[in-house]
Amino acid sequence: MDNTSIWITIIALGIGTFLIRFSFLGLLGGKDLPVWLTRHLRYVPVAVLPGLVAPLVVWPAATGGDADLARSLAALTALAIGGITRSVLGAIFGGMAVLYTVQYFT
Amino acid sequence: MGSAYWQGFRAGAPFVLVVAPFGLLFGVVAAEAGLDIVQTMAMTILVIAGASQFAAVQLLSDNAPTIVAILTGLAVNMRMAMYSASLTPHLGKASLGKRALAAYFLVDQNYAVSIAEYEKNPARPLPEKLAYFFGAVSPIAPLWYGFTFVGAVAGKAIPPAYALDFAVPITFIAIVAPALRSLPHIAAAFVSVTVALLLAWLPYNSGLMVAALLAMMTGAAIEKRLEKAHG
């Protein structure tokens with residue numbers, strides 16, 4: 001990862017994100033999004049993030065790509081806490097607590 | 001500063017508890033990934049969208065191509081097009097400058113409280129609606145910047161034994177888990193995970209793009225079918 005690609009990412013993501021936020025408010029006026037499009041956009045977070053996370057959990061870089069008990073249990077804990085309590089912070093702290101605990105004892 | 005501004009401010013204030021640790025974590029993760037403080041702060045100030053920042057930094061540190069890091073970050077932020085569309089009936093008549101400022105400061109938290117307020121009191125005049133919106137983001141944005149900075153400074157000092165490599169996956173799981181509340185959401189997440197793992201061998205992280213598209217189509221198709229079934 002070199003400095004140029006970091007800066008290109010920062011600037012392009014900044015401009016692109018602003019244009020997404022500005023889109024309807026700024027340029028497209030009061031037009032509604034077509035129903036089929038909002039129907040797809042609703043699933044963007046659950047479509048992108050799990051696919052991004054799955055390889056990081058199954059093949060963690062820190063262990064050289066070998067599945068790791070501590071990280072797998074931590075991921076499951078975060079999923080369970082987040083799903084049941086709907087608390088993002090609770091899930092983060094719970095998951096990291098399990099990771100540290102299991103690492104400590106193994 | 002009228003009362004609408006302070007009403008918004010009070011509505012946004014509880015989110016401080018979420019935004020401060022999240023900003024701190026982003027600063028730490030960005031520092032661990034090799035971004036310097038200027039780069040970390042530039043990203044946090046230009047983008048102000050945590051999940052996409054985590055995604056872009058993660059992909060950059062995996063040596064994914066720049067375009068993949070950008071497109072994935074933008075994909076995560078596409079939900080904000082929906083926010084923008086749904087705010088337009090309420091804020092669309094403001095001056096161009098104010099709309100641009102509102103667009104810059106449009107984040108999950110102030111969107112949620114503002115749209116709830118506008119739906120409850122649709123007749124409020126435009127200046128009050130704007131003041132409420134900016135009030136709601138006022139406790140959030142400065143803390144996001146500030147805590148990212150603290151995290152970026154502290155991050156360099158945290159030894160690898162703390163396994164912060166795993167803070168990013170845990171954070172994403174924590175963001176997504178509460179959203180898995182309906183069959184279409186769960187099915188979309190399942191397709192996303194399965195396809196991403198099956199296509200992990202594809203170059204340039206392009207498997208993730210395929211997984212995301214298939215997952216969105218799955219969620220939308222199941223939602224449509226369920227709607228029909230319920231008439």
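Residues numbered from 1 in each chain as written. Chains lettered and ligands numbered in written order. Predicted model: local features only at pLDDT ≥ 70, side-chain atom pairs only at ≥ 80, totals over all residues.

Q: For this particular structure, what's the right way to read helix α4 (residues 69–85) of chain A?
A: In this model α4(A) runs 24 Å from its N-terminal to its C-terminal C-alpha over 17 residues, within 8% of the 24 Å that 1.5 Å per residue would give. All of the buried residues along α4(A) are A:Ala70, A:Arg71, A:Ala74, A:Ala75, A:Thr77, A:Ala78, A:Leu79, A:Ile81 and A:Gly82. Lining the buried residues of α4(A) we find α3 (44–58) and α5 (88–105) of chain A together with α11 (167–176) of chain B. Downstream of α4(A) by one or two residues, A:Arg86 has phi in the positive range, about 60°. (Helix = DSSP H or I, 4+ residues; strand = E, 2+ residues; numbered from the N terminus. Expected span 1.5 Å × (residues − 1). Buried ≥ 20, exposed ≤ 12 C-beta atoms within 10 Å, placed from the backbone. Contact = placed C-beta atoms within 7 Å.)

Q: So what exactly am I meant to see when it comes to the nonpolar core here?
A: Counting residues in each nonpolar core, the largest one holds 111 residues, and the members touching the most others are A:Ala78, B:Val29, B:Ile170 and B:Ile173. Contacts of B:Val29, omitting those with residues within four sequence positions, involve B:Phe54, B:Val57, B:Leu164, B:Ala167 and B:Val168. (Core = buried A, V, L, I, M, F, W, Y, C linked by C-beta atoms within 7 Å.)

Q: Would you explain the interface of chain B and chain A in this entry?
A: When the parts of a complex come together, some accessible area is lost, and that lost area is often used as the size of the interface. Between chain B and chain A, the contact holds 79 residues from the first and 63 residues from the second. Considering only residue class, the side of chain B that touches chain A consists of 58 nonpolar, 16 polar and five charged. (Nonpolar A, V, L, I, M, F, W, Y, C, P; charged D, E, K, R; others polar.)

Q: Explain helix α4 (residues 50–61) of chain B to me, please; I cannot follow it from the model alone.
A: Residues and elements named next belong to chain B. Over its twelve residues, α4 extends 17 Å from the first C-alpha to the last, a length consistent with the 16 Å expected when each residue adds 1.5 Å. Most of α4 sits out of view: eleven of its twelve residues are buried. Every buried residue belonging to α4 is among Gly-50, Ala-51, Ser-52, Gln-53, Phe-54, Ala-55, Ala-56, Val-57, Gln-58, Leu-59 and Leu-60, and all of these are buried. One or two steps after α4, the chain reaches Asn-63, where phi turns positive at roughly 65°.

Q: Can you walk me through the domain arrangement of chain A in this structure?
A: Each assigned domain of chain A is listed here: domain 1 (1–31) and domain 2 (44–105). Here the C-alpha centre of domain 2 of chain A lies 29 Å away from the C-alpha centre of domain 1 of chain A. (Domains from an automatic or database assignment.)

Q: So what exactly am I meant to see when it comes to unusual backbone geometry here?
A: Glycine aside, the phi torsion of most residues is negative, and most peptide linkages are trans. Residues and elements named next belong to chain B. The residue Ile-48 is not glycine, and still its phi comes out positive at about 25°. Within the secondary structure, Ile-48 is located in the loop between α3 (37–47) and α4. Look at Ile-48 and you get buried, because 24 C-beta atoms sit within 10 Å. Positioned with a positive phi, Asn-63 is a non-glycine residue whose angle comes to about 65°. The residue Asn-63 is located in the loop between α4 and α5 (66–77) in this model.

Q: What is the right way to read the environment of B:Leu96 from this model?
A: All names here are of chain B. Tracing the sequence through the fold places Leu-96 in helix α7 (residues 96–104). Since 9 C-beta atoms lie within 10 Å of it, Leu-96 is described here as exposed. It is 24 Å that separates the C-alpha atoms of Leu-96 and Trp-6, two residues lying 90 residues apart in sequence.

Q: Any chance you could explain the packing of helix α2 (residues 16–33) of chain B against helix α10 (residues 141–155) of chain B here in plain terms?
A: The geometry of a pair of packed helices is captured by two quantities: the angle between their axes and the separation between those axes. Residues and elements named next belong to chain B. Direction vectors running N to C along α2 and α10 enclose 35°, while the axes themselves pass 6 Å from each other. Here the hand of the crossing between α2 and α10 comes out right-handed. In this structure, α2 uses Val-16, Val-19, Ala-20, Gly-23, Leu-24, Leu-25, Phe-26, Gly-27, Val-28, Ala-30, Ala-31 and Glu-32 to contact α10, whose residues at the interface are Leu-143, Trp-144, Phe-147, Thr-148, Phe-149, Val-150, Gly-151, Ala-152, Ala-154 and Gly-155. Tallied by class, the residues present in the contact of α2 with α10 amount to 16 nonpolar, five polar and one charged. (Axes fitted to C-alpha atoms, helices over the stretch in contact; angles between N-to-C directions. Left-handed = near helix turned anticlockwise from the far one by under 90°.)

Q: Got a minute to help me understand the domain arrangement of chain B in this structure?
A: Residue and element names in this part refer to chain B. Segmenting chain B into domains produces domain 1 (1–164) and domain 2 (180–231). Centre-to-centre, using C-alpha coordinates, domain 1 lies 26 Å away from domain 2. If you look at the interface, domain 1 gives six residues, while domain 2 gives four residues. Tallying contributions element by element places α5 first for the side of domain 1 that touches domain 2, with three residues. When the residues that make up the side of domain 1 that touches domain 2 are grouped by side-chain class, the tally is five nonpolar, one polar and no charged.

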